[in-house]
Amino acid sequence: MTQRLAPTGFTPPDRASATEFWVIRHGESTWNADGRYQGQADVPLSHIGVLQAATLAERLTGQGFAAVYSSDLKRASQTAAAVAERLTGNPQVQLDPGLREIDVGALSGLVIADIRARHADYLRALQADPWATRRPGGESMEDLYDRCGAAFHALRARHPGQRVLMFTHGGVVRVAVGLALGGVPANAWSRLSVTNTSITRVLLDHASGTLLGFNDDAHLENLIEATEADDVLGQSP
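Residue indices begin from 1 for each chain and proceed along its sequence in written order. Reporting of local features is limited, given that this is a predicted model, to residues whose pLDDT is at least 70; pairs of side-chain atoms are given and counted only at 80 or more, and all residues count toward the totals for whole chains, interfaces and linings. Computation of side-chain values covers all heavy atoms of the structure but excludes hydrogens and water.

Enquirer: Which residues make up the packing of aromatic side chains, and what values do they have?
Expert: Centres within 6.5 Å make a pair out of two Phe, Tyr or Trp rings, where for Trp the six-membered ring is used; the pair is then stacked when the planes are under 30 degrees apart, edge-to-face when over 60, and tilted otherwise. Throughout the structure, instances matching the rule amount to three aromatic pairs. The interplanar angle of 80° and the centroid separation of 5.3 Å between the aromatic rings of Trp22 and Phe65 together place this pair among those described as edge-to-face. Residue Trp22 is found in strand β1 (residues 19–25), and its partner Phe65 is found in the loop between α2 (47–60) and β2 (67–70); the two are separated by 43 residues along the sequence. Judged by its relative accessible area of 9%, Trp22 is buried. Type-normalised accessible area, obtained with a 1.4 Å probe on protein chains alone, sets the label of each residue: buried when under 20%, exposed when over 50%, and partly exposed for intermediate values. Classification of Phe65 by relative accessible area gives buried; the value is 11%. An angle of 65° between the planes, with centres 5.6 Å apart, marks the rings of Trp131 and Tyr145 as edge-to-face. On the criterion of sequence distance, the pair formed by Trp131 in the loop between α5 (120–128) and α6 (141–158) and Tyr145 in helix α6 is long-range, its members being 14 residues apart. A relative accessible area of 27% means that Trp131 is categorised as partly exposed. In DSSP terms, a helix is any run of H or I states spanning at least four residues, a strand is any run of E spanning at least two, and both are numbered starting from the N terminus.

Enquirer: Lay out the pairing of β1 in plain terms, naming residues and giving numbers.
Expert: Burial within β1 is extensive, with seven of its seven residues counted as buried. Alternating positions in β1 separate into two faces, Thr19, Phe21, Val23 and Arg25 on one and Glu20, Trp22 and Ile24 on the other, with burial throughout. Only when DSSP finds a minimum of two bridges between them are two strands counted as paired. As paired elements, β1 and strand β5 (residues 199–204) share six bridges and run antiparallel to each other. What sits directly across from Phe21, in β5, is Val202.

Enquirer: Tell me about the environment of Gly62, and please be specific about residues and values.
Expert: With respect to the helices, strands and loops of the structure, Gly62 is situated in the loop between α2 and β2. Look at Gly62 and you get partly exposed, because its relative accessible area is 46%. Each C-alpha atom of the pair Gly62 and Thr88 lies 4.9 Å from the other, and the pair is 26 residues apart in sequence. Leaving out residues up to four positions away in the same chain, Gly62 has contacts with Arg86, Leu87 and Thr88. The criterion used for residue contact is that any of the two residues' heavy atoms lie within 4.5 Å.

Enquirer: If you had to explain α2 to someone new, which residues and values would you point to?
Expert: An ideal rise of 1.5 Å per residue puts 20 Å on 14 residues; α2 measures up with 20 Å between its terminal C-alpha atoms. For α2, the complete set of buried residues consists of Gly49, Gln52, Ala53, Thr55, Leu56, Ala57 and Leu60. On its buried side, α2 packs onto β1, α3 (74–84), β4 (163–168) and β5. Immediately beyond the C-terminal end of α2, within one or two residues, lies Gly62, with a positive phi of roughly 85°. Expected span of a helix: the number of residues minus one, times 1.5 Å.

Enquirer: A description of a nonpolar patch on the surface should follow, citing residues and the corresponding values.
Expert: Patch members must show over 30% relative accessible area and no salt bridge, and they are joined within 9 Å when carrying like charges or within 5 Å when they are nonpolar side chains of Val, Leu, Ile, Met, Phe, Trp or Tyr. Areas reported here follow the Shrake-Rupley algorithm with a probe of radius 1.4 Å; residue values treat only the protein chains shown as occluding. Take a side-chain nitrogen of Lys or Arg and a carboxyl oxygen of Asp or Glu: if they are within 4 Å of each other, that pair is a salt bridge. A cluster of nonpolar side chains, Leu181, Leu211 and Phe214, forms an exposed patch at the surface whose accessible area comes to about 240 Å². You can see Leu181 is positioned in helix α7 (residues 170–181). Residue classification places Leu181 among the partly exposed residues on the basis of a relative accessible area of 49%.

Enquirer: Break down the sheet that holds β1 for me, citing the residues and quoting the values.
Expert: The strands making up a sheet associate through hydrogen bonds between their backbones, and the pairing can be parallel or antiparallel. The six strands are arranged β3-β2-β4-β1-β5-β6 in an open sheet whose pairing can be described as mixed. Whereas interior strands pair on both sides, the edge strands pair on one side only; in this sheet they are β3 (93–95) and β6 (209–216). Neighbour to neighbour, the strand axes of the sheet diverge by 20° on average, direction disregarded. Relative to β6, β5 runs antiparallel, the two sharing five bridges. Bridging from a neighbouring strand, Arg201 pairs with Gly213 of β6. Every axis in this analysis is a line fitted to C-alpha atoms, fitted for helices over the stretch in contact. Angles between the N-to-C directions lie between 0 and 180 degrees. In the packing of α7 onto the sheet, contacts are made with β1, β4, β5 and β6, and the angle to β6 comes to roughly 145°.

Enquirer: Tell me what's going on with α7, and back it up with residues and numbers.
Expert: With 12 residues, α7 should reach 16 Å at 1.5 Å per residue; the first-to-last C-alpha distance of 17 Å fits that figure. Taken across its 12 residues, α7 has 11 buried, putting it largely inside the fold. Among the residues of α7, Gly170, Gly171, Val172, Val173, Arg174, Val175, Ala176, Val177, Gly178, Leu179 and Ala180 are the ones counted as buried. Just downstream of α7, Gly182 is the residue with a positive phi angle, here 75°.

Structure below.
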C-alpha cells in the first residue's frame, strides 16, 4: 500500500514505527521565581511550581503512556512524580541525565543584572549567534541539540509505535521542536516561548518528524503565574 502523503507532499512519519513524545517543561522552580539562571543546578519547585504540577496532573489523569521519563534534576522529577501517580497504571518515572537543561556554566545562580555586568561579551556574542555561542564554561544551543537529540533518538528506538511522556526543561523542549521540524530557522530559538508545565507533542521516526502541538498550557488558565523565562535566552532566565 502506498503511504499517504502530507499536504505539503512530504511523507509523514509512519505511526506504526514512529514514537509520539509528550514533552513537558517542569513547574516553576525557586530560582525561576527569583529570576536566577539555573541550568543544571538542582533547584526544587517553588510553591507555584507545585501547584502548576498538580494542575497538570489533574489534566492528564487517566492518560496512558508506554513509559515516563524525566530529567534527573529535581524540578523536573518532582513534576513527573506529581503527574505519574495520576496516570493509568501508575508508571515508574525513569530518570535520564541526557534530558537535563543546557549547562549555563558560570551563569548559574546569577540574575540578568549580574550577567550584564560580568559577561557583556557573552551577551553580545549570543545576540550575534544564539545557536553556537556557549555559555561561559557551559554549553551552546548547538551542544544541547546534539546531546538531547541523541537522548531522544535512543528513546525513539526503544519505543517504536508507542506514546512516551517526558519531563524536562525549556531548552530541551526547543530541541524536540527542532527534531520534529528538521531544524529551526536561524535566530528563531529565542522566539519559542515555553511556559512551565506546558505540553509539546512531537512524532519522530528515524528520518523525519512532525510537530503535533506546541506550548499547550491551557490547564494554567486559572493560575496566577505561568513562567516563560528560562536559561536558553540571554535576556531573562
